[in-house]
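Geometric and topological summary
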Amino acid sequence: MSAAERVLTDPIFVLKILKTLSSMKYKVKRQFAPETPVEWLEFRPTLVPSILVSRLWANEGTSVLWENYPHLLAMADMPVNRKQHYANKVHKIFIMSPLPGSPISLEHLRDLQWPLLESLEMDIDFARHGEQIRSMMGPTLKHLELSGYQSEGAEYFGQFVLPTIFGLCASLESIRFGPAPISPEDRLPSSWLEENMYSVPSITSIALHTTRFTYTTPLFMHLSAYPKLASLEIEVEPGTALLPFLSEPPEPIFTTLTSLNTMLYPEVALALLPHLHALENLQLDICRTLNHPALASDIVILDEVLNTLSSTPHLKILKIGVGSLSQGFPSLPSPLTLSGTSLRLLPMSCPDLTDITIFAAEPGTIDGSSISPSDFSAFCAGLNLRSLSLQLHPSTTGHLSSTLLSSLGQCPRLTTLKIGVILDLTKLPPETPTFPNLLELSFTPPEFLPQDQPTESEEAYIRRFGAGLEDHFPELEVLEAWGGEEEDLAYVEPFENTPASVWEFLTGQPQDLWDEDDLEEGEEGYEEAFGEALPMRMGHGGSPDVYNEFL
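The model shown is predicted, which means the values in this text are computed figures rather than measured ones.

**Quick word on the domain arrangement of the chain**
Looking at the assigned domains, one finds that the chain contains domain 1 (1–67) and domain 2 (87–236). Its C-alpha centre places domain 1 at a distance of 32 Å from the equivalent point of domain 2. Counting from both sides, the interface comprises five residues of domain 1 and, opposite them, four residues of domain 2. Linking domain 1 with domain 2 are zero salt bridges, by the criterion used here. Linking domain 1 with domain 2 are four residue pairs in polar contact (both at pLDDT 80 or more). Per-class residue counts for the side of domain 1 that touches domain 2 are one nonpolar, three polar and one charged.

Printed below as a string of structure tokens:
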């Protein structure tokens, strides 16, 4: 048998080929209506042609299609043995309850066995459909997510659903409770969750970020000593009740925690961070209730948080968001500050940082005027950044415009850059690409207000700006204009027609893929000036992979 024949007939090789094909993705620009923005959609190649090659390829191909998130309704008309044949292939499932009165039923899933199932995402009303999917919860399950309305209320959820889940899923490693597990008027004491979790010591990841669990402060304190807890997502109740506990914990807390996503008062966040020595991923939302009076220290809360990170030397991903700290703060008249000293010292505290995002809920409310060019250069030189997003107000960062890109050029791995700084790309010298891996770029464009008929110098400016983009950002997929206060404008695949994209970007015109008759006036002006066609409209083909195209 030749090598080529063996590849086509050996199940191991066939499965590798089909898995590789299934994992491939390609992007297509789409705009579903003239008033909606252009966006990337990801598609995967269909496996149908491969499945039709032979019985072997069909068997291995359906294993790939059914492995992750299969279309379970396709089982409804299958004989029982065929249903079980496909159930044996499933590793991951997403399933939701049909709406009341819907002709769709989940009865065809009752009593099926799922021997390889490891991940289950449920938007299920247990009172209506718990029995039909009960067999999905078993000893092989490692990851469970539960969301959706529970018609029988809090008592039923706490006294029946939780014991059922933890009783059947003895090997769980992660559990997530999504939005609205019970009706809005009900509340679920988190102590019920605490009581049931003791029966599954294998859990290392817990997420309670957008649920109706109450009394989460005691739960947070309990979880601080939970054995092997690696990841926690939780909204702690507003207030400072945690401060006494964090000031003098009875024993070291969160010793194994590597990922934390939480919302806290500023003073609670500052008290917690020194305890998180193993942390690698921090997503921290800082806010207060609106009726809380502002404190003098609130204006420098970003600096205080960054300076506290010296206790988290293993941090790789940092995301800090600041919401309302009091009525009207932060705001454009009363912004937060971010100092150059804090940025300069950050690489010394957290040398492994690769992803940094700092933002405020109200755009443009971070003042970067105290960040000097040398501070920013030292910040970039000390880190091997992959993603950087600083929501600074452009009116406070003019002194960084001429040196910013040269400083960031010390981070060749950057794939995402979003920063509130005015950048003029016409001043970049033609040279080896400064950012060979950058895919997303967001900054504030320089002021550019051409007449209806652009002048020769304006045309030349647009071409030089486009050349700067192409020379220094050769892999760019998304170009975004951010003005500090207004809604962002994103331009997908800017190099498909660089002059057109630059024209739209500099003049603040939304990208448009619709018919020529629907073009914005600014785009018509571009065509008159340059005499080139804009990107063709809605002409891309392709269809998303369908999980159950071949049974």
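After that view of the structure, there is still more to cover.
**Examining unusual backbone geometry**
Cis geometry marks the peptide bond from Phe329 to Pro330; its omega dihedral reads -5°. Structurally, the position occupied by Pro330 is in the loop between β13 (317–322) and β14 (336–337). Positioned with a positive phi, Tyr69 is a non-glycine residue whose angle comes to about 55°. Relative to the helices and strands, Tyr69 is located in the loop between α4 (55–67) and α5 (80–87). Among the residues examined, Tyr69 registers a relative accessible area of 28% and is labelled partly exposed.

**Quick look at the side chain of Glu233**
If you trace the backbone, Glu233 turns up in strand β10 (residues 231–235). A distance of 2.8 Å separates a polar atom in the side chain of Glu233 from a polar atom in the side chain of Arg176. Once residues within four sequence positions are removed from consideration, Glu233 is found in contact with Arg176, Ile206, Ala207, Leu208, His209 and Asn261.

**Overview of helix α2 (residues 11–23)**
Between its first and last C-alpha atoms α2 spans 18 Å; for 13 residues at 1.5 Å apiece the expected length is 18 Å, and the two agree. Inspection of α2 places Val14, Leu18 and Ser22 among the buried residues, and these make up the whole buried set. Seen from one end, α2 has its buried residues packed into an arc of 65°, which puts them on one side. Structural note: α2 exposes Ile12, Lys16 and Ser23 on the side pointing more than 90 degrees away from its buried face. Buried positions along α2 lie against α1 (3–9), α3 (48–51) and α4. The residue sitting at the N-terminus of α2 and contributing the capping side-chain oxygen is Asp10; that oxygen lies 2.8 Å from the backbone nitrogen of Ile12.

So, how was this worked out
- Residues numbered from 1 in each chain as written.
- Predicted model: local features only at pLDDT ≥ 70, side-chain atom pairs only at ≥ 80, totals over all residues.
- Heavy atoms only, no water.
- Domains from an automatic or database assignment.
- Contact = heavy atoms within 4.5 Å.
- Salt bridge = Lys/Arg side-chain N within 4 Å of Asp/Glu carboxyl O.
- Polar contact = N/O pair within 3.5 Å; in protein donor to acceptor, adjacent residues only side chain to side chain.
- Nonpolar A, V, L, I, M, F, W, Y, C, P; charged D, E, K, R; others polar.
- Helix = DSSP H or I, 4+ residues; strand = E, 2+ residues; numbered from the N terminus.
- Buried < 20%, exposed > 50% of the residue type's maximum accessible area, 1.4 Å probe, protein only.
- Expected span 1.5 Å × (residues − 1).
- Arc of directions from axis to C-beta.

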